[in-house]
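A structural walkthrough
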Amino acid sequence: MPGEMDKPLISHHLVDSNYSLAEVPSEAPKVGILGSGDFAHSLATRLVGSGFCVLVGSRNPKRTAGLFPAAAQVTSQEEAVACPEVILVAMFREHYSSLCSLRDQLTGKILVDVSNPTEQEHLQYHQSNAEYLASLFPTSTVVKAFNVISAWTMQSGPRDGNRQVPICSNHPEAKHTISLMARSMGFTPVDMGSLASAREVEAMPLRLLPDWKVPALLALGLFVFFYAYNFTRDVLQPYVQENKNKFYKLPVSVVNTSLPCVAFVLLSLVYLPGVLAAALQLQRGTKYRRFPDWLDHWLQHRKQIGLLSFFCAALHVLYSLCLPLRRSHRYDLVNLAVKQVLANNSHLWVEEEVWRMEIYISLGLLAFGTLSLLAVTSLPSIANSLNWKEFSFVQSTLGFVALVLSTLHTLTYGWTRAFEESRYKFYLPPTFTLTLLVPCTIILAKALFFLPCFSRRLSKIRRGWEKDGDVKFTLPASQALAQKTSHV
Amino acid sequence: MPGEMDKPLISHHLVDSNYSLAEVPSEAPKVGILGSGDFAHSLATRLVGSGFCVLVGSRNPKRTAGLFPAAAQVTSQEEAVACPEVILVAMFREHYSSLCSLRDQLTGKILVDVSNPTEQEHLQYHQSNAEYLASLFPTSTVVKAFNVISAWTMQSGPRDGNRQVPICSNHPEAKHTISLMARSMGFTPVDMGSLASAREVEAMPLRLLPDWKVPALLALGLFVFFYAYNFTRDVLQPYVQENKNKFYKLPVSVVNTSLPCVAFVLLSLVYLPGVLAAALQLQRGTKYRRFPDWLDHWLQHRKQIGLLSFFCAALHVLYSLCLPLRRSHRYDLVNLAVKQVLANNSHLWVEEEVWRMEIYISLGLLAFGTLSLLAVTSLPSIANSLNWKEFSFVQSTLGFVALVLSTLHTLTYGWTRAFEESRYKFYLPPTFTLTLLVPCTIILAKALFFLPCFSRRLSKIRRGWEKDGDVKFTLPASQALAQKTSHV
Amino acid sequence: MPGEMDKPLISHHLVDSNYSLAEVPSEAPKVGILGSGDFAHSLATRLVGSGFCVLVGSRNPKRTAGLFPAAAQVTSQEEAVACPEVILVAMFREHYSSLCSLRDQLTGKILVDVSNPTEQEHLQYHQSNAEYLASLFPTSTVVKAFNVISAWTMQSGPRDGNRQVPICSNHPEAKHTISLMARSMGFTPVDMGSLASAREVEAMPLRLLPDWKVPALLALGLFVFFYAYNFTRDVLQPYVQENKNKFYKLPVSVVNTSLPCVAFVLLSLVYLPGVLAAALQLQRGTKYRRFPDWLDHWLQHRKQIGLLSFFCAALHVLYSLCLPLRRSHRYDLVNLAVKQVLANNSHLWVEEEVWRMEIYISLGLLAFGTLSLLAVTSLPSIANSLNWKEFSFVQSTLGFVALVLSTLHTLTYGWTRAFEESRYKFYLPPTFTLTLLVPCTIILAKALFFLPCFSRRLSKIRRGWEKDGDVKFTLPASQALAQKTSHV
């Protein structure tokens, strides 16, 4: 029999005595709460609203009563724990020991630790709050739950039924009881295994976007590098060598030549690890050897890198569209017109320049449109509604199309400039040439993998074939782990 | 014992007799439906699809049968209610009394009221449909459910498992039974408490974006005010005092000077209540006294105000980017060039103007980029995947950064104009000066709260300290209710 | 008793013997896995993480053991199936028969088929993998489940609790057991009925955005048509008749006159079927006759058509905003200025042109802003948080406003050009006139339906009235199926 599902929802004698449907009207189930702070207050409010009978245990019931909803019964700690099978402990860790006098009454009951350590406490204590509670009450069953929910969300209720509550305990039945309790309060319980995970669960509310740290630093680093590079080429060189003041370019123009480089490099870094993984599999002749750690991490952060690439691309679009709004653009235009008149040129038209610009604008917009589709399908609610084939089509196929379109956009932007000596300011090559290296390698590698000799071997490997072994019983490639290598 | 989880899923004798896993193949569970309208039809379709055995009770079974799925058994009302424990009543309120002849047969069964009153009926009757049904059938158990689902969604099934169904009843077991039924039909049940909530549940489908009404009216009011103000300054004044026809500015130019004002004021109104709340807590020396109602409502509508601010900002960006597309822009440019030629000026360049524009465009785009991140994290599916610290970081920290960037954007736009007499048309100050008042106050107040004397006291208060009392047992600040004051 | 909810969660003797809460610490529930490929590996990892005791049956346990998590017990096939009630079969279809020797041991147990056929296999075999498995093991209970989950998602766990797992079986209890198992693994089970649906469930991972195929082809077809049409008018005609080289218009200009046409026609195609349906209902005098199939399909694809319309509109906005960035725009401006100087015109201003452009830009932006709101409310997580009235208000009312605004935008763009002979290049009318036909018809029809004679009859019909019958018992219009005709 599998899983939590085969646990009785209550101890058996209760089934017999209390609840025979539509015969004996049962009383609402009882829950005890120890503590009188904000979170205790929010828990009480939410539990009362979800149809529970709530007993709040306080050392000073009279003073505390006013803070709790009328339907919650505020009483002494002894009375509050006497009847309910489930007791929520909403106190600071340092007050846990004050409950030791209740040890006998708590025997055989479920104690739910809902606390969060502060960042400092988390570093200071090696043992999680929940494990500490369990060590104080060895005859009770301790469950860690609800700590990831803020008092505010707890009180007002989750807006949709999708708020997750990680739950862990050494006692599967107790975990199941609290899971159902969470569900009836409107949350989605998530099984986190045994109480040993409590430290990890307590660390969750202390996290600050851990998946984004490396990608964000990467993007920032790239931006700083390209900004400095472009500053040297576009502002410093004219100032030093031609004594021209172009410092007004700092806020918009230099930013707008740096942003697309960051976006383009980041986009290529989304597709590079997949190529490396495929090459590694080809070389090793098996998919059953683990990738090196750095590659594994890289593969897992592709979504974040891709979204940052999209963000930079979107800013690049906005900055570019703002160019004609600038006063400097207006002055340049007027001065050009005046120059034409003075030079007595009645018609200005450089066909090549016109074509270059029309094409690279169009390619840029198409690349951005494709990237937007990728970004939209990264939204959790949309990703959830796609099957694997669809998700992979969008992220892998459309993503590669976006990469090719961006490369063409960059190449058209560059045109022949890479070959003109005048473009090498301070001997530095034009910025766009720097960014083309990785994407072109990826496109070449992908093209190579399409050759029958490689593609056949690769698909054999991904279906379980090994160079030095025989075919295993594996499921079709559409479900295979190896494919994690080919989506964002 | 907590919650709904300690209810047996069925009355006990059924466990014994019917279902011994893998021994006796059980029949599909039976549900009765009274009514033959659209919703009855959709319910039947969905229930059959979810593996239920459906009996439809009709007063004219032969005529009705054709409308229902073949798997549903259309029969007389008496027969339809004889066997199932759960009967769905899908009829108009005015026909409830026609069922009174079935009262004996319905004794001890669960009647589910799925009806919605019309807006008119809702005002007319003080008693909800479900309570009225309960008063007619005192020996049955009445549950209110499924009314928020449209016939269309009911029939086709929810696209994802996230559609909520509020359920209320005075009988926890019956509520639990219907919750599981809802879940097996693919919906997410939400416990709304006792049948007294039925009126509220019945009002839900009559609501039209109640959270958006005040913020939308506020945004509209601000827009009308600023449009009138800018019309007076930019169109009326030149017409009256200089006899210049600038009416062509009405569709784009005046709109585009009004939109950013609305966006900016709305954004500052998102952060003002948090500052007021903190000031109030500092003054009172406690967080345990409720805020005045207006402040509470304001705090709860910050998300909507913030999103409207983002919408206006996005429109402002689009309108601004369209400026160079206009014919008037083209004419102005050409005329300026001609004027330069006639005046024999070969080079036009005003360094200060260039810098002002480059800086304020860049600041504006950065502010808009930051606002976009805020807007994206307001999407339910993304907000759900963030912990409180992350949500607060994005909404509070990034939001404040956006406010500061917008303020700088406005200040650079204004430059020295606030001090030039010629800008005071009809003695009216330039528009941007009006909008700067609130944001600057907020930024100053926030800076003040960072001073040690205030910040220490505030953090003490938020951990439960009181001026006239002793420290309570509270949970860490990261879970504290008081923090509802610091996020959008 | 309704639905799955009245199934005992386990067979009864287990309740008695094993689980008396807080007395006997129960062992973790056992699950067997047959197979040693990627998916078996991922299943084991996930099940161990969700608190199950996993037994993996392999024909070569020693070789296989290294691939599985340490907590999973890798053993012989016989041992793996001996104890657990639930056995997951993670093998290729062609190896199913190799399990026949285990038939006796598998009697009375639940076999879960988790396999996916390849596209080729799906076409080749008429019988689903699960039905084939059931035919091989007639004494076991076969359930189809988990096949839609990729090995990667299975292993890492769903990021939110919203990943759906369709489940089908001829045995409701077994289906319920596996549903709970899926839920405890963090997935959302969806009941797909009997095992006859297995073929459909197995086809799910093979689907590639089926709802988008027709709308995408439609959009592509429209784009090709309009591109060819505009190419003929804007590039070919000047080349043939005036010998002017305008080929530089291909990448941006011609695309940007085609995109808005596609967007506009698609938007009108979203609202046309609703009008047709209403007309059909009026003519038939009933809503109880089914619409023709083509209309039904059309009604169901409005969301996709609408989103494609939004995508084209967004691209049109971007392309339009890029126009002043082009080199050709700059040359045109400068040349115009030079021309003005040479013609000695000191002031260029055409009031009508200025007004036309200001108005149509403003209308276009408002239409686009409204469309964006429609697109945002199409996101699953937002649509889920709206009630029917709100969803219908946004999609139907706001959508119609967007259609009217787009029509006005097009009309202002056209101005008087439809009546100027010079605009009929090659006798082809200006593009915008082609696109106006459908939207204008829709707006007229909608206006007509507002006339009391029609609107009364229509609302009577939608409440269940029939021309040749009497009123049925129906629920209020807000829940009526007929209204599926009036939302996107």
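Residues numbered from 1 in each chain as written. Chains lettered and ligands numbered in written order. Predicted model: local features only at pLDDT ≥ 70, side-chain atom pairs only at ≥ 80, totals over all residues. Heavy atoms only, no water.

Looking at an unreviewed UniProt entry, chain A carries the name Metalloreductase STEAP3 isoform X3, with the source organism given as Erinaceus europaeus. Turning to chain A, the UniProt record has this under Sequence similarities (unreviewed entry): "Belongs to the STEAP family." Turning to chain A, the UniProt record has this under Subcellular location (unreviewed entry): "Endosome membrane". (UniProt positions renumbered as here; feature names shortened; annotations may be inferred.)

**Points about the UniProt feature "transmembrane region" (unreviewed entry) in chain A**
Those residues carrying the UniProt feature "transmembrane region" (unreviewed entry) are residues 214-232, 252-280, 305-326, 359-379, 391-412 and 432-454 of chain A in this numbering. Taken as a whole, residues 252-280 of chain A contains 100% helix and 0% strand, while its terminal C-alpha atoms sit 42 Å from one another. (Helix = DSSP H or I, 4+ residues; strand = E, 2+ residues; numbered from the N terminus.)

**Examining the sheet that holds strand 2 (residues 53-58) of chain C**
All names here are of chain C. Spatial strand order, 3-2-1-4-5-6-7-8: eight strands in an open sheet with mixed pairing. Every other strand in the sheet has two partners, leaving strand 3 (73-76) and strand 8 (188-191) as the edge strands with one partner each. With direction set aside, neighbouring strand axes in the sheet form an average angle of 30°. Contacting strand 1 (30-34), strand 2 and strand 4 (86-89), helix 2 (residues 38-49) runs over the sheet at an angle of about 170° to strand 1. Against the sheet, helix 9 (residues 172-184) makes contact with strand 1, strand 4, strand 5 (110-113), strand 6 (141-144), strand 7 (164-169) and strand 8, and its axis sits at roughly 165° relative to strand 7, the strand it touches most. (Pairing = 2+ DSSP bridges. Axes fitted to C-alpha atoms, helices over the stretch in contact; angles between N-to-C directions. Contact = heavy atoms within 4.5 Å.)

**Concerning helix 7 (residues 129-136) of chain C**
Residues and elements named next belong to chain C. Where helix 7 is concerned, the buried positions are Asn129, Ala130, Leu133 and Leu136. Across the axial projection of helix 7, the buried residues extend over an arc of 120°, all falling on one side. The elements touched by buried residues of helix 7 are strand 4, helix 5 (103-106), strand 5, strand 6 and helix 10 (198-203). (Buried < 20%, exposed > 50% of the residue type's maximum accessible area, 1.4 Å probe, protein only. Arc of directions from axis to C-beta.)

**Quick word on the pattern of salt bridges**
Taken as a whole, this structure holds 33 salt bridges over all chains when the rule is applied. Salt-bridge contacts for Glu358(C) lead to Arg326(B); the nearest nitrogen and oxygen are separated by 3.6 Å. With Glu358(C) in helix 16 (residues 351-377) and Arg326(B) in the loop between helix 14 (302-322) and helix 15 (327-342), the pair connects residues from two separate chains. On the basis of relative accessibility, which here comes to 0%, the residue Glu358(C) falls in the buried class. Taken together, the shared-partner salt bridges in this structure form one network comprising Asp113(A), Lys144(A) and Glu202(A). (Salt bridge = Lys/Arg side-chain N within 4 Å of Asp/Glu carboxyl O.)

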